[in-house]
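The primary structure of each chain is shown beneath.
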Amino acid sequence: MLRKILTFFHKETVLSISAILAILSMFIVHPSGKYFSYIDFRTLSLLFCLMSIVAGLSEIGLFDYLAEKILSRANSIKSIIVLLVLLCFFFSMIITNDVALITFVPLAIIILKKMSEKQKNYWILRTVVMQTIAANLGSMLTPLGNPQNLYLYTISGLSLWDFIRIMLPYSAVSGLLLILFLLVLPKVSLHADNFSAAQTESSACSIDKPDSSRSHRNPRILFAAYCILFLICLLTVLHILPFQIMLLIVFFGFLILDYHVLKDVDYFLLLTFFCFFLFIGNIKQIPFVHDLIAMLLVQHEVSIGIISSQIISNVPAAILLSGFTNNYSALLIGVNLGGLGTLIASLASLISFKFYANTDGSNKKHYLGIFTLYNAIFLVILFGLYRFFG
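Residues numbered from 1 in each chain as written. Predicted model: local features only at pLDDT ≥ 70, side-chain atom pairs only at ≥ 80, totals over all residues. Heavy atoms only, no water.

J.: Just to check I follow, could you spell out the overall build of the protein for this structure?
T.: Looking only at helices and strands, the protein has 19 helices and zero strands in total. Rg of the C-alpha trace for the protein: 21 Å, near the compact-globule value of 21 Å for 390 residues, within the 12% margin. Principal axes of the C-alpha set define a box for the protein whose edges measure 60 × 50 × 45 Å. Burial analysis of the protein (390 residues in total) assigns 55% to the buried set. Restricting to contacts in the protein with at least 6 residues of sequence separation, those with at least 24 account for 80%. Accessible surface computed for the protein: about 18,200 Å², of which carbon and sulfur atoms make up 70%. (Helix = DSSP H or I, 4+ residues; strand = E, 2+ residues; numbered from the N terminus. Rg over C-alpha atoms; globule rule 2.2 N^0.38 Å. Buried < 20%, exposed > 50% of the residue type's maximum accessible area, 1.4 Å probe, protein only. Contact = heavy atoms within 4.5 Å. Areas by Shrake-Rupley, 256 points an atom, 1.4 Å probe, with all protein chains shown as cover.)

Right, here's the structure in full:
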């Protein structure tokens, strides 16, 4: 039994830690009806629906198809990685950092898995780390980029232009930093010996030709249906469609289209978010913590926003700290820059970490080391930008 527990803890480290924190917080703030108000059911519903859609697209071979197309037009690993990272940066401005990572990290892993065993682990790790940073930085620019932006945009009364004007310098510098990081990567030519022929043959498939393990329905019909479901999710992201309706449409849509896909959803990731919501909700109820935040926050919104994001992530940090200040512009900068740093500074980072951790040959300790180092470099530079110009 102990060995099974240790094995599970090693495999699902983030979930295990979040569960322990949630349970410990229950001894301080006893369970009550308030617990239901802690849970962001909208976020959980969006995650479930988007992961289901991505699983469905993967099942019909779309990512393999795109991988082959990209590889056929690329002449170096660097050009592929630049494309994958910049897609996360720019798409996160429109479809949120979570959706960008759910969409493009699996594609990056599929493409880079085609490299030789010696090189793929090196490139997959660094590419996923850079995609995560890119998504968190690109999402800063617009209210639609991430949940904390939507929340602060709603309560602050800022116009769209004012919002973009506040974050534009940080987004522009972030884009330049990403390009600089990508330029210093070693260039590796895309020769045949960089790839395993077996991997290429096994994954070379098209949405036109499903194999025997896939649904017997026409892949083109499934592709069109999944695109419609994806658009429905975007309507919910834009607050046009209630998340309850989205959840019902997507869930019953998969029951009709291909219910087997639902088993591929990462329910442990959803449970991780659930545990963090419980922990954060209980922390907010502790009077000492409440009074301490009120005292420390005055004229230190950016610094406290960054620090608190490292501990409880930037979405709940934005919700928590907004109750103690009217300086929403500074708080907006703080919680967005605060998405850099630790793995939980932005819960979107957990998504890419889970994708990487489930990859053959993954090294979670090495990933966390590289992730933290790269994030720290970006955070120091961008915070220096704030101190100099802010």
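So that's the structure; there's more coming.
J.: Just to check I follow, could you spell out the nonpolar core for this structure?
T.: Burial of nonpolar side chains together is a common tendency in soluble globular proteins. Among the nonpolar cores identified, the biggest contains 127 residues, and Ile133, Tyr226, Met246, Leu350 and Phe378 are the most heavily contacted of them. With near-sequence residues (within four places) excluded, Phe378 lies in contact with Met130, Ile133, Leu137, Ser174, Leu177, Leu178, Phe181 and Leu340. (Core = buried A, V, L, I, M, F, W, Y, C linked by side-chain atoms within 4.5 Å.)

J.: How do you make sense of the packing of aromatic side chains when you look at a structure like this?
T.: The relative placement of two aromatic rings is captured by the distance of their centres and the angle of their planes. Inspection of the entire model under this criterion finds 16 aromatic pairs. Between the aromatic rings of Phe251 and Phe252, the centroid separation amounts to 5.5 Å while the plane-to-plane angle is 80°, which identifies the pairing as edge-to-face. Given the relative accessible area of 32%, Phe251 is considered partly exposed. Phe252 gets classed as partly exposed once you look at its relative accessible area, which sits at 46%. Geometrically, the ring pair formed by Phe353 and Tyr367 is tilted, given 5.5 Å between the ring centres and 55° between the ring planes. Note that Phe353 is positioned in helix H18 (residues 348-357) and Tyr367 in helix H19 (residues 364-389), a separation of 14 residues in sequence. For Phe353, a relative accessible area of 5% translates into the label buried. By relative accessible area, Tyr367 is classed as buried at 0%. Three or more aromatic residues link up through ring pairs in this structure, and these residues are Phe353, Tyr356, Tyr367 and Phe371. (Phe/Tyr/Trp six-rings, centres within 6.5 Å; stacked < 30°, edge-to-face > 60°.)

J.: What is the right way to read the environment of Ile60 from this model?
T.: In this structure, Ile60 sits in the loop between helix H4 (41-59) and helix H5 (62-73). With a relative accessible area of 3%, Ile60 lands in the buried category. Sequence spacing of Ile60 and Ala318 is 258 residues, and the spatial spacing of their C-alpha atoms is 39 Å.

J.: Where do I start with the pattern of salt bridges in this structure?
T.: Between side chains of opposite charge, pairing is possible as soon as their charged atoms come close. Per the stated rule, a full pass over the model turns up three salt bridges. Between Arg165 and Asp162 there is a salt bridge, and its shortest N-O distance comes to 3.5 Å. Taken together, the residues span about one helical turn, with Arg165 and Asp162 both in helix H9 (residues 160-183) at a distance of three residues. By relative accessible area, which is 46% here, Arg165 ends up partly exposed. A salt bridge links Asp266 to Lys354; the shortest N-O distance between them is 3.8 Å. Here Asp266 is found in the loop between helix H12 (243-257) and helix H13 (267-284), whereas its partner Lys354 is found in helix H18, with 88 residues between them in sequence. Judged by its relative accessible area of 17%, Asp266 is buried. (Salt bridge = Lys/Arg side-chain N within 4 Å of Asp/Glu carboxyl O.)

J.: How should I be thinking about a nonpolar patch on the surface in this particular structure?
T.: On the surface, a nonpolar cluster with roughly 710 Å² of combined accessible area is contributed by Phe9, Ile17, Ile20, Ile23, Leu24, Phe27 and Ile28. Broken down by element, the nonpolar patch gets its largest block of residues, six residues, from helix H2 (residues 13-28). Taking relative accessible area as the criterion, Phe9 reaches 36% and is therefore assigned partly exposed. (Patch = residues over 30% accessible without salt bridge, like charges linked within 9 Å, V, L, I, M, F, W, Y side chains within 5 Å.)

J.: Would you mind showing me how to read the packing of helix H15 (residues 301-312) against helix H17 (residues 328-337) here?
T.: In helix packing, the relevant descriptors are the interaxial angle and the interaxial distance, both defined with respect to the helix axes. Packing of H15 against H17 leaves a shortest axis separation of 7 Å and a crossing angle of 30°. It follows that H15 is roughly parallel to H17 by the angle criterion. Considering only the axes of H15 and H17, their crossing is right-handed. Here Glu301, Val302, Gly305, Ile306 and Ser309 of H15 come into contact with H17, specifically with Ala330, Leu331, Ile333, Gly334, Val335 and Leu337. In terms of residue class, the contact of H15 with H17 is made up of seven nonpolar, three polar and one charged. (Axes fitted to C-alpha atoms, helices over the stretch in contact; angles between N-to-C directions. Parallel < 35°, antiparallel > 145°, perpendicular 65-115°, else oblique. Left-handed = near helix turned anticlockwise from the far one by under 90°. Nonpolar A, V, L, I, M, F, W, Y, C, P; charged D, E, K, R; others polar.)

J.: When you look at the confidence of the model for the protein in this model, what are you seeing that I'm missing?
T.: Note that predicted coordinates carrying low pLDDT should not be read in detail. Overall, the prediction assigns the protein a mean pLDDT of 83, with 91% of residues at 70 or greater. Least confident of the elements in the protein is helix H10 (residues 197-203), whose mean pLDDT is 41; most confident is H12, at 94. Confidence drops under pLDDT 50 across residues 195-213; counting only partners more than four residues distant or on other chains, this segment forms 37 contacts. (pLDDT = per-residue confidence, 0-100.)

J.: What's the story with the environment of Ile95 in this structure? I'm lost.
T.: Topologically, Ile95 is positioned in helix H6 (residues 77-112). When the C-alpha atoms of Ile95 and Cys233 are compared, they prove to be 9.6 Å apart, with 138 residues separating the residues in sequence. Setting aside chain neighbours within four positions, we find Ile95 in contact with Ala100 and Leu234.

J.: What is the right way to read H9 from this model?
T.: Side chains of residues three or four places apart in an α-helix project in the same direction, reflecting 3.6 residues per turn. With 24 residues, H9 should reach 34 Å at 1.5 Å per residue; the first-to-last C-alpha distance of 33 Å fits that figure. Along H9, the sharpest kink reaches roughly 45°, centred on Met167 and followed within four residues by the proline Pro169. By the burial criterion, the buried members of H9 are Phe163, Ile166, Met167, Tyr170, Ser171, Ser174, Gly175, Leu177, Leu178, Phe181 and Leu182. On its buried face, H9 sits against H6, helix H7 (117-138), helix H8 (147-156), H17 and H19. (Expected span 1.5 Å × (residues − 1). Bend = angle between axes of the 7 residues up to and from the residue.)

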